[in-house]
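For reference, the chains in residue letters:
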Amino acid sequence: MPTKSLHDTHHITYETLLAGNQKFIEKSLALDPEYFEKLANGQNPPVLWIGCADSRVPANQITNTQPGEIFVHRNIANMVIHTDMNMLSVLDYAVNVLQVRHVIVTGHYGCGGVIAAMSNKEYGLIDNWLRHIKDVYRIHAEELTAIEDEQKRVDRLVELNVVENVYNLCKTSIVQNAWAKGQSLSVHGWVYSIKTGIITDMKVSTQDNEKMEKVFRFQQ
Ligand code: CO
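Everything in this summary refers to the structure shown in the same document.

Scoring rules and cut-offs
Residues numbered from 1 in each chain as written. Predicted model: local features only at pLDDT ≥ 70, side-chain atom pairs only at ≥ 80, totals over all residues. Heavy atoms only, no water. Core = buried A, V, L, I, M, F, W, Y, C linked by side-chain atoms within 4.5 Å. Buried < 20%, exposed > 50% of the residue type's maximum accessible area, 1.4 Å probe, protein only. Helix = DSSP H or I, 4+ residues; strand = E, 2+ residues; numbered from the N terminus. Contact = heavy atoms within 4.5 Å. Salt bridge = Lys/Arg side-chain N within 4 Å of Asp/Glu carboxyl O.

1. Structural notes on the nonpolar core
Line of reasoning, step 1. One finds Leu 48, Leu 91, Val 103, Val 114, Ile 133, Leu 169 and Leu 185 to be the most contacted residues of the largest nonpolar core, which totals 48 residues.
Line of reasoning, step 2. Mapped onto this core, the elements with two or more residues apiece are β1 (47-52), α4 (85-97), β3 (102-108), α5 (112-118), α6 (127-139), α8 (150-171), α9 (173-180) and β4 (186-192).
Line of reasoning, step 3. Top contributing element to this core by residue count: α8, with nine residues.
Line of reasoning, step 4. In this structure, Ile 133 is in contact with Ala 77, Met 79, Gly 113, Val 114, Ala 117, Leu 157 and Asn 161, ignoring residues within four places of it in sequence.
Line of reasoning, step 5. One finds Val 47, Trp 49, Ile 70 and Trp 190 within the second-largest nonpolar core, a separate group that totals six residues.

Printed below as a string of structure tokens:
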């Protein structure tokens, strides 16, 4: 039985993080005395994860994976914005240097970024980031406005935001060039439920640009 509510984070202090680090080292070395030496030799992760910055959606924990197994980029609402030099640099490095075989955009229900984007409230600087989610709403306005239940409408926008960001990935020259070279690279869209812990595959996986609208296709 958990004794503390997960929302009670008062016991987390600067010091407990460092104490936690000691525990992590002990546990890892108990598992394998050469744990850190092996990791220090380099990384070869087969997956790039593009997820939300939300503290409840940590890539490794929810997929039961270990350090070295997933290359991670996180931002508010798991966005793939083609002018975002940070995201592009991570994607370029992952695809061209690490040669990952999968890129997964993972959104989550209850995403604060998506909820904020659906509102008419002004939040400040972040509104410029949330604008991209409002654009996703605009693309799918007909479907979304037809959903009367607000919770269901938010959930659907979370899903559509993942789907559109998978498409955004496919449109990048980085992904298209990898495909043109015959590199094995699949892109996927997932939505994680914080309430159940379950990941749902949005079934938009692709490994070529055949279904992409012509205007976005680069000539090879
Ligand atoms: Co979120």
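Okay, back to it.
2. Describing the pattern of salt bridges
Line of reasoning, step 1. Counted under the stated rule, the structure contains six salt bridges.
Line of reasoning, step 2. Here Lys 38 and Asp 32 are joined by a salt bridge, their closest N and O atoms 2.8 Å apart.
Line of reasoning, step 3. The shortest N-O distance in the salt bridge between Glu 159 and Arg 156 comes to 2.8 Å. One end of the pair, Glu 159, and the other, Arg 156, are both in helix α8, three residues apart, so they sit about a helical turn from each other.
Line of reasoning, step 4. The exposure class of Glu 159 is buried, given its relative accessible area of 16%.
Line of reasoning, step 5. Salt bridges sharing common partners tie together Arg 131, Asp 135 and Arg 138.

3. As for the environment of Leu 169
Line of reasoning, step 1. Topologically, Leu 169 is positioned in helix α8.
Line of reasoning, step 2. Dropping the residues within four chain positions of it, Leu 169 is found in contact with Ile 50, Val 80, Leu 91, Val 103, Val 105, Val 175 and Val 187.

4. Focus on the side chain of Gln 183
Line of reasoning, step 1. Within the fold, Gln 183 resides in the loop between α9 and β4.
Line of reasoning, step 2. With relative accessibility at 14%, the residue Gln 183 sits in the buried group.
Line of reasoning, step 3. Setting aside residues up to four positions removed in sequence, Gln 183 forms contacts with Val 95, Asn 96, Gln 99 and Ala 178.

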